[in-house]
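Structure assessment
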Amino acid sequence: MSVTSTLPVASAVPDADPSQTAPVGTVSSPVRGRRKLRGRIGRIVAWAFLVASLILTLFPFYWMLRTSFSTNGALAANSGNLLPAEFSLGGWQRVLGLASPEEALADGGSGASLDFWLYLRNSIIVATITTVVQTFFCALAAYAFARLRWPGRDAVFFLFLTALMIPPIFTTLPNFILIRDLGLLNTFLGIMLPSLLMAPFSVFFLRQFFLGIPRELEEAARLDGAGYTRTFFQVVAPISSAPITTLAILTYIGTWNEYFWPLLVGRSDDVRVLTVALGVFRSQTPQGSPDWAGLMAATLISALPIIILFALLGKRVINSIGFSGLK
């Protein structure tokens, strides 16, 4: 019987240097450095894209500001200059009624008159009344479509939404004939009436938010003896303040920027809105070319109410975009 002895065999792999072994789950220093570099480059690219987008967005406003502080005679010769061509306040003076026709003609303006404050008042009246009335009735309609149960509700809502697929130009002529037959031409009511009470998009917008409100809140209000009207004004409306405010801002901006319908219906100076007045001011060219400096100054001033409105209420708009849930 033979006995074999087993001798220990030395390992062919040398012992690893403890200083060069990384713990499990950690990333070596070169890899971590490359990741930091890629992250830094990504942030630089993102900031560069953001700055470029901001410049492209704000440049037209700067160009209007530059043109408004120039003289009309020097604009043609310095069309590519980023700075005002022969700095002058004549455009702003003509718009605000601080310059006579003779001074306007001497400064290169058209000499046309623009009763800016009257047209600004008309635009504020039309936009404010339309926004308040339309938002109120659209909120009531959206509440009826979202929270109340009545026969044919979904079918009526579907028919109501079909109005979104009809181009507005198709309804312009029938609306004009109706306003004319009612004797409402050259009146504020004639300008506001087609969009005064309700808009399909506004009802759809608020209905989608009302559908997400828990029914337990309404049931608790019913137990306290609240009817539909009290439930809407004391429970649903306060909860929905953010989307209602968003809708009001969108309605105000849309009404403020409306041009074609006020041009058809409100041709009188007493009811002419600012957008139409700017178009008329541009067309008055006794010297053969528009008063670009005055027109850009008027355009900038007319945009100020919208900018101020969004600056004051823009946070509510951003908060309501996601239709955040209730706590």
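The model shown is predicted, which means the values in this text are computed figures rather than measured ones.

Within helix α9 (residues 200–210) the residues assigned to the buried category are Ser-202, Val-203, Phe-205, Leu-206, Arg-207, Phe-209 and Phe-210. Close packing links the buried residues of α9 with α5 (116–147), α6 (153–161), α11 (228–239) and α12 (241–257).

Compared with an ideal rise of 1.5 Å per residue, which puts 40 residues at 58 Å, helix α1 (residues 29–68) spans 58 Å between its outermost C-alpha atoms and is within 8% of the ideal. If you look at α1, its biggest bend is around 35°, right at Leu-58, and the proline Pro-60 turns up within four residues after that.

Residues Val-95, Leu-114, Phe-116 and Trp-256 are the most contacted members of the largest nonpolar core, which totals 23 residues. Every element with two or more residues in this core is listed here: α3 (90–95), α5, α12, α14 (274–283) and α15 (292–320). No other element matches the seven residues that α15 contributes to this core. By size, the runner-up hydrophobic cluster in this structure holds 19 residues, among which are Ala-142, Phe-145, Phe-205 and Val-236.

Our next topic: the confidence of the model for the protein chain. Overall, the predicted model of the protein chain reaches an average pLDDT of 81, with 82% of residues at or above 70. Within the protein chain, helix α4 (residues 101–106) has the poorest average pLDDT of any element, 66, and helix α8 (residues 188–192) the best, 94. Scored below 50 in pLDDT, residues 1–14 shows zero contacts in the model against residues more than four places distant or in partner chains. Long-range and interchain partners of residues 323–327, a stretch whose pLDDT sits below 50, account for nine contacts in this model, where long-range means more than four residues apart.

It is worth spelling out the pattern of salt bridges at this point. Under the counting rule described, the total for this entry stands at five salt bridges. Here Asp-154 makes a salt bridge to Arg-153, at a shortest N to O gap of 3.5 Å. A salt bridge links Arg-272 to Asp-269, with the shortest nitrogen-to-oxygen separation between them at 3.1 Å. Under the relative-accessibility criterion, Arg-272 is labelled buried at 14%. Overall, Asp-269 belongs to the partly exposed group, its relative accessible area being 38%.

What counts, and at which threshold
Residues numbered from 1 in each chain as written. Predicted model: local features only at pLDDT ≥ 70, side-chain atom pairs only at ≥ 80, totals over all residues. Heavy atoms only, no water. Buried < 20%, exposed > 50% of the residue type's maximum accessible area, 1.4 Å probe, protein only. Helix = DSSP H or I, 4+ residues; strand = E, 2+ residues; numbered from the N terminus. Contact = heavy atoms within 4.5 Å. Expected span 1.5 Å × (residues − 1). Bend = angle between axes of the 7 residues up to and from the residue. Core = buried A, V, L, I, M, F, W, Y, C linked by side-chain atoms within 4.5 Å. pLDDT = per-residue confidence, 0-100. Salt bridge = Lys/Arg side-chain N within 4 Å of Asp/Glu carboxyl O.

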